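Listed here are the chains, written in short residue letters.
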Amino acid sequence: MARLASQAKAGFYPTPDKVCDLLSSKLEIEEGARLLDPCCGKAKTLCRLGADGVTYGIELDHERAQKSRTRLHKVIWGDALTEVRISPVSFNLLYLNPPYDTALAADGKEKRLEEQFLRKYMGNLVQDGYLLFVIPYYVLKHCAKPLSRYFRDVQVFSFPESDFGGFKQCVVIGRKRKLIPKNEAQDTQEYLEKFATLLPEFFLSAAPPLEEMPEITVPAAQGPLKTFQGTKVDPLEAIPLIRKAGIMSTVLSELAPRKNNHIRPLNPLENGHMALMLAGGYMNGAVQKDGRQLVIKGVVDKSEEIVKSSGDGTGKGTITTRDQYKPTVKVIDLQVAEIFTIQ
Ligand SMILES: C[S@@+](CC[C@H](N)C(=O)[O-])C[C@H]1O[C@@H](n2cnc3c(N)ncnc32)[C@H](O)[C@@H]1O
């Protein structure tokens, strides 16, 4: 999670305004077209490109996901590679501007995230659906295989020179196809790989500028989208629903201890006593601290440790164990929707 969090923090480089302007001047989105951005950031880009379409986003960073909810029709907060369930063959346009980095893939190998995102999401496009893929041009060599085998009319355009310096990005466009035979995909694969070998200044003069991208009409979706959901609960979405359903007070009363809450200690409690009471569950429930709303739950987990074992080789013997008690306090901070665990 620490790595994911740092990826989210460092990986936020929204599509530059100029690129966004150029892309939106080339796109015509029919009413009811379904558009997906699996790394939507604050969703400024998809919101602008989306126009009359129905827009869907996924974002790892909670604050950005919240912002996106004000701009898109539906947003999942979570890891788009592992924490979502989305119907395949359902979107008419996939806008993909993923983090430019490497990470361990499901097969345990370190791979470029651009390739991992492409492979994960290309199956969500309908046949002939459009891909707009923003990546550093030198990453084309990692994505050339899936691009050439699953897309037709693949073309690469360079970012405007004024925006190229930072990450050296290009825009790849293509239309989703079922698997294309290897021999037919060969030319496209070589075309993409060749770009990746160039020095930045040669790439800029070899690839056509984005102004030359063809105009694209994205048609309306056929049929409903069955599934678009995250696998983890977003407290900021869940809490209003729970409040509305009226179960919050029941949950909080279940969390609070039923007995002994009228005892007044003779002396003020030491920190050690407070810690034990906290872990023992005597202070469970909702509290307000420095303007923050917290929900506290203390538990003590019991485990057994083997301290001695002896045997005579006949299968008989003795094992001596010792009980261990591990106090744990969990705190949910409702403002930032984070869970802290103290052990
Ligand atoms: C390059 S920015 C793109 C933002 C937006 N799509 C745009 O083009 O303007 C990448 C975004 O992906 C998010 N991100 C990184 N890893 C992610 C993951 N595993 N799942 C979902 N979002 C992720 C980052 O937090 C960041 O906001």
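Student: Give a detailed account of the sheet that holds strand β2 (residues 34–37), specifying residues and quantitative values.
Tutor: Sheet strands line up and pair through hydrogen bonds in the backbone, either parallel or antiparallel. Strand order across the open sheet formed by seven strands is β4-β3-β2-β6-β9-β11-β10, with mixed pairing between neighbours. The open sheet has two edge strands with one neighbour each: β4 (74–77) and β10 (151–158). For this sheet the average axis-to-axis angle between neighbouring strands, irrespective of direction, equals 15 degrees. Where β10 and strand β11 (residues 169–176) come together, six bridges link them in antiparallel fashion. If you follow F157 over to β11, its bridge partner there is V171. Taken strand by strand, helix α5 (residues 113–121) contacts β2, β3 (54–59), β6 (91–96), β9 (125–136) and β10, and its axis lies near 170 degrees from that of β9.

Student: Which residues make up the domain arrangement of the protein, and what values do they have?
Tutor: Segmentation of the protein into domains returns domain 1 (2–230) and domain 2 (235–342). For domain 1 and domain 2, the distance between their C-alpha centroids amounts to 44 Å. Listed per partner, the contact involves four residues of domain 1 and five residues of domain 2. Here domain 1 and domain 2 share an interface that buries about 340 Å² over both sides, 58% of which is from carbon and sulfur atoms. Across the contact surface, domain 1 and domain 2 share zero residue pairs in polar contact (both at pLDDT 80 or more).

Student: Tell me about the pairing of β9, and please be specific about residues and values.
Tutor: For β9, the buried fraction is high: nine of the twelve residues fall into the buried class. Direction of pairing for β6 relative to β9: parallel, over a ladder of five bridges. Pairing of L93 across the sheet is with Y130, part of β9. Here seven bridges tie β9 to β11, and the two strands are oriented antiparallel to one another. The partner of P136 across the bridge, within β11, is Q169.

Student: Before we move on, can you summarise α5 with the specific residues and values?
Tutor: In terms of residue burial, α5 counts as a mostly covered element, since seven of its nine residues are buried. Burial in α5 covers these residues: L113, E114, E115, Q116, F117, L118 and Y121.

Student: Mind laying out the packing of α5 against helix α6 (residues 140–150), listing which residues take part and the relevant values?
Tutor: Helix-helix packing is described using two parameters, namely the angle between the two axes and the distance between the axes. One can describe the packing of α5 onto α6 by two numbers: an axis separation of 8 Å at closest approach and a directional angle of 15 degrees. When the interaxial angle is binned, α5 and α6 end up roughly parallel. In terms of crossing hand, the pair formed by α5 and α6 is left-handed. Facing α5, whose interface residues are E114, E115, L118 and R119, α6 presents H142, C143, K145, P146 and L147.

Student: Give me the lowdown on the site of the ligand, citing residues and values where you can.
Tutor: Inspection of the region around the ligand gives 23 residues, with T15, C39, T45, E59 and R64 positioned closest. Contacts to the ligand include E59, whose side-chain N or O atom sits 2.5 Å from an oxygen atom. L60 places a main-chain nitrogen or oxygen 3.2 Å from a nitrogen atom of the ligand. Computed on the free molecule, the ligand has an accessible area of 600 Å², of which 99% lies beneath the protein chains in the complex.

Student: Residue-level account of the state of the cysteines, with values.
Tutor: On inspection of all chains with the given rule, the structure shows zero disulfides. C47 takes part in no disulfide bond, and the closest cysteine sulfur to it belongs to C20, at a distance of 9.3 Å. The closest cysteine sulfur to the non-disulfide-bonded C170 is located on C143, 9.1 Å from its own sulfur. Overall, C170 belongs to the buried group, its relative accessible area being 0%.

Student: Could you give me a rundown of the side chain of T45, with the residues and numbers involved?
Tutor: Summarising the element assignment, T45 is placed in helix α3 (residues 44–50). The contacts of T45, once residues within four sequence positions are left out, are T15, C20 and Y95.

Student: Could you give an account of the sheet that holds strand β17 (residues 338–342), with specific residues and numbers?
Tutor: The strand order β14-β15-β16-β17 describes an open sheet built from four strands, whose pairing is antiparallel. Only two strands of the sheet have a single neighbouring strand rather than two, namely β14 (285–289) and β17. Taken over all neighbouring pairs, the strand axes of this sheet differ in orientation by 35 degrees on average, direction set aside. By the bridge criterion, five bridges tie strand β16 (residues 317–333) to β17 in an arrangement that is antiparallel.

Student: Let's hear about the pattern of salt bridges: which residues, and what values?
Tutor: Taken as a whole, this structure holds ten salt bridges when the rule is applied. When the shortest N-O distance is used, the salt bridge between E83 and K232 registers 3.4 Å. Residue E83 is located in the loop between β4 and β5 (84–86), and its partner K232 is located in the loop between β13 (228–230) and α10 (235–245); the two are separated by 149 residues in the primary sequence. In this structure E83 comes out as partly exposed when scored by relative accessible area, which is 21%. One salt bridge in this structure joins R152 and D153, with 2.7 Å as the shortest N-O distance. According to the relative accessible area criterion, D153 is partly exposed, its value standing at 46%. Taken together, the salt bridges that share partners define one network made up of E59, D61 and R64.

What counts, and where the lines are drawn
- Residues numbered from 1 in each chain as written.
- Predicted model: local features only at pLDDT ≥ 70, side-chain atom pairs only at ≥ 80, totals over all residues.
- Heavy atoms only, no water.
- Pairing = 2+ DSSP bridges.
- Helix = DSSP H or I, 4+ residues; strand = E, 2+ residues; numbered from the N terminus.
- Axes fitted to C-alpha atoms, helices over the stretch in contact; angles between N-to-C directions.
- Contact = heavy atoms within 4.5 Å.
- Domains from an automatic or database assignment.
- Buried area = accessible area lost by both parts, 1.4 Å probe.
- Polar contact = N/O pair within 3.5 Å; in protein donor to acceptor, adjacent residues only side chain to side chain.
- Buried < 20%, exposed > 50% of the residue type's maximum accessible area, 1.4 Å probe, protein only.
- Parallel < 35°, antiparallel > 145°, perpendicular 65-115°, else oblique.
- Left-handed = near helix turned anticlockwise from the far one by under 90°.
- Near = heavy atom within 4 Å.
- Areas by Shrake-Rupley, 256 points an atom, 1.4 Å probe, with all protein chains shown as cover.
- Disulfide = S-S within 2.5 Å.
- Salt bridge = Lys/Arg side-chain N within 4 Å of Asp/Glu carboxyl O.

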